Amino acid sequence: MAWYKGATRMELLPEARQQPAIRPTQFIAHSIVAPWSPRRTYEYWRDSTNLESHFGLGYGGDLAQYLSTTTRADANASANRRPDGTGAISIETASNTKASDPWTDEQLAELIALGLWAHRTHGIPIRLCRTAADPGFGYHSLHRAWSTSGTACPGSARITQFRDVVLPGIAAAAAGTMPAGGTHTVAKGETLYSIAAQYKDVTWQQLAAANKVTSPYTITVGQKLTIPGAVTAPTRPPARPVVDLSRLVQAARTDPPRPGTPVSYPEAQLVEMGLVGEGLLERRLADGHYGTATKTAYAAWQRRLGYSGADADGIPGKTSLTTLGRKRGFDVVA
């Protein structure tokens with residue numbers, strides 16, 4: 001079994017015991033089309049579906065692993081497990097509800113670090129998969145055999161980042177020869193990228209984070225930089241997403257159930273998925289709109305908690321929403 005030390009382990013059972021073994025030869029990136037934390041993704045797969053990936057990545061770089069990378073996950077169609085026993089490692093990444101936003105710097109850093117680990121651990125070659133069965137790295141829509149529905153996942157902005165940032169970042173980190181740890185004094189002409197490339201298993205994003213260097217990532221000659229050492233397990237669990245009660249109530253009072261209408265508050269989908277997990281709302285209706293079906297489902301949730309009359313009208317209150325969030329992986333602010 002293979003578990004990445006840089007991720008919080010959230011093993012999916014009974015999937016972990018029922019799925020066949022694979023020999024990983026590919027790494028495939030996805031967007032989950034929801035602003036979910038890794039814990040919320042875990043809870044969704046645990047409670048609602050048999051479809052899953054090996055990893056979940058939040059906006060802040062918080063990473064969880066759900067299955068060993070030597071166990072099949074079912075998010076990649078024909079890449080899950082081939083007749084020869086090879087298969088793909090897959091990662092779901094938080095996104096907006098249209099999967100149109102780019103990965104954050106924190107997400108990019110974790111994708112590179114995880115990709116490097118997959119290369120070191122499983123021998124996955126650092127190249128774009130040339131065919132659906134070719135060993136290497138890719139994204140969900142790269143080959144039709146991986147996405148029989150014709151999805152655009154992970155979205156055009158992230159596909160560009162995958163080609164221009166993620167793969168080159170993995171290659172640069174893998175090429176480094178100097179041991180990680182210790183310090184480095186910046187010389188003339190050096191950048192975070194060129195410095196990180198000198199050290200084994202270090203990415204420029206990790207170097208920036210270790211030294212609290214933020215955009216535009218300027219460093220100066222003579223500056224001493226800490227070179228981060230080996231990846232260790234997280235010291236705190238991934239952050240839970242937050243639902244703003246006032247914005248949710250506004251959405252509940254204004255979101256029309258008309259197709260194509262923009263979502264007024266994207267985190268409404270977190271609440272809807274909570275209602276799906278409670279068996280009160282159909283999955284196909286969890287679209288980010290707090291429309292008629294969601295109000296009806298939330299009213300049923302309120303009645304389940306013992307409310308009645310005007311207190312069970314489908315408009316969220318703090319107590320009922322906090323109770324739902326406690327069970328379904330989100331926090332509430334008033």
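Coordinates for the structure precede this section.
Residues numbered from 1 in each chain as written. Predicted model: local features only at pLDDT ≥ 70, side-chain atom pairs only at ≥ 80, totals over all residues. Heavy atoms only, no water.

When helices and strands are tallied, the protein chain shows ten helices and ten strands. By the compact-globule yardstick of 20 Å for 334 residues, the protein chain fits well, its C-alpha radius of gyration being 22 Å. With the C-alpha coordinates aligned to their principal axes, the bounding extent of the protein chain is approximately 70 × 50 × 35 Å. Counting across all 334 residues of the protein chain, residues that qualify as buried make up 52%. A fraction of 65% describes how many contacts in the protein chain between residues 6 or more apart in sequence connect residues 24 or more apart. Here the protein chain displays about 14,800 Å² of accessible surface, and carbon together with sulfur accounts for 52% of that area. Side-chain charges of the protein chain comprise 35 positive and 27 negative groups, with the mean position of each set lying 3 Å from the other. (Helix = DSSP H or I, 4+ residues; strand = E, 2+ residues; numbered from the N terminus. Rg over C-alpha atoms; globule rule 2.2 N^0.38 Å. Buried < 20%, exposed > 50% of the residue type's maximum accessible area, 1.4 Å probe, protein only. Contact = heavy atoms within 4.5 Å. Areas by Shrake-Rupley, 256 points an atom, 1.4 Å probe, with all protein chains shown as cover. Lys, Arg positive; Asp, Glu negative; His and termini not counted. Charge placed at Lys NZ, Arg CZ, Asp CG, Glu CD.)

Burial along strand 6 (residues 136-139) is two-sided: the residues Gly 136 and Gly 138 and Phe 137 and Tyr 139 are all buried. Both strand 2 (residues 23-31) and strand 6 contribute to a ladder of four bridges, which runs parallel. Of the residues in strand 6, the one forming a bridge with Ala 29 is Tyr 139. (Pairing = 2+ DSSP bridges.)

Turning our attention to the packing of helix 3 (residues 105-122) against helix 4 (residues 156-175). Close contact between helix 3 and helix 4 brings their axes to 9 Å; oriented N to C, the two are set at 50°. Between helix 3 and helix 4, the angle is such that the two are oblique. The two elements helix 3 and helix 4 meet at a crossing, and its hand is right-handed. Facing Gln 107, Leu 108, Leu 111, Ile 112, Gly 115, Leu 116, His 119 and Arg 120 of helix 3, the residues of helix 4 in contact are Arg 158, Gln 161, Val 165, Val 166, Gly 169, Ile 170, Ala 173 and Ala 174. Counted by class, the contact of helix 3 with helix 4 contains nine nonpolar, five polar and two charged residues. (Axes fitted to C-alpha atoms, helices over the stretch in contact; angles between N-to-C directions. Parallel < 35°, antiparallel > 145°, perpendicular 65-115°, else oblique. Left-handed = near helix turned anticlockwise from the far one by under 90°. Nonpolar A, V, L, I, M, F, W, Y, C, P; charged D, E, K, R; others polar.)

What follows deals with unusual backbone geometry. Peptide bonds are trans in most cases, and residues, glycine excluded, mostly fall at negative phi. Residues Leu 13 and Pro 14 are joined by a peptide bond in cis, for which omega reads 10°. As for its placement among the helices and strands, Pro 14 is situated in the loop between strand 1 (8-9) and helix 1 (15-18). A cis geometry characterises the amide bond from Cys 153 onward to Pro 154, with omega recorded as 10°. Within the secondary structure, Pro 154 sits in the loop between strand 6 and helix 4. We note that Ala 99 has phi near 55°; this positive angle belongs to a residue other than glycine. Along the chain, Ala 99 falls in the loop between strand 5 (86-93) and helix 3. By relative accessible area, Ala 99 is classed as buried at 14%.

Tracing the backbone through its elements, the reader meets Tyr 298 in helix 9 (residues 292-304). Taking C-alpha positions, Tyr 298 is 8.9 Å from Val 271, a pair spaced 27 residues apart along the chain. Among residues more than four places away in sequence, those in contact with Tyr 298 are Val 271, Leu 275, Tyr 290, Gly 314, Ile 315, Pro 316, Gly 317, Ser 320, Leu 321 and Leu 324. A distance of 3.0 Å separates a polar atom in the side chain of Tyr 298 from the backbone nitrogen of Leu 321. (Polar contact = N/O pair within 3.5 Å; in protein donor to acceptor, adjacent residues only side chain to side chain.)

Here we take up the nonpolar core. Judged by nonpolar contacts, the single largest core of 37 residues is most densely connected at Val 243, Leu 248, Val 271, Tyr 298, Leu 321 and Phe 330. Mapped by element, the contributors of at least two residues to this core are helix 2 (38-48), helix 7 (245-254), helix 8 (268-277), helix 9 and helix 10 (318-328). Ranked by residue count, the leading element in this core is helix 8, at six residues. Contacts of Val 243, omitting those with residues within four sequence positions, involve Leu 248, Tyr 265, Glu 267, Leu 270, Val 271, Leu 321, Phe 330, Asp 331, Val 332 and Val 333. Formed by 32 residues, the second largest nonpolar core is a distinct cluster that contains Ala 2, Tyr 4, Leu 108 and Tyr 139. (Core = buried A, V, L, I, M, F, W, Y, C linked by side-chain atoms within 4.5 Å.)

Summed over the entire model, instances satisfying the criterion amount to eight aromatic pairs. Taken together, Tyr 4, Phe 55 and Trp 117 form an aromatic cluster joined through their ring pairs. A cation over an aromatic ring shows up here: Arg 9 above the ring of Trp 3, its NZ or CZ 3.8 Å from the ring centre. (Phe/Tyr/Trp six-rings, centres within 6.5 Å; stacked < 30°, edge-to-face > 60°. Lys NZ or Arg CZ within 6 Å of the ring centre and 35° of its normal.)

Next up on the list: the pairing of strand 5. Along strand 5, eight of the eight residues are buried, which leaves the element largely enclosed by surrounding structure. Pairing of strand 3 (residues 55-57) with strand 5, which is carried by three bridges, proceeds in the parallel orientation. Note on strand 5: the bridge partner recorded for Phe 55 is Ile 91.

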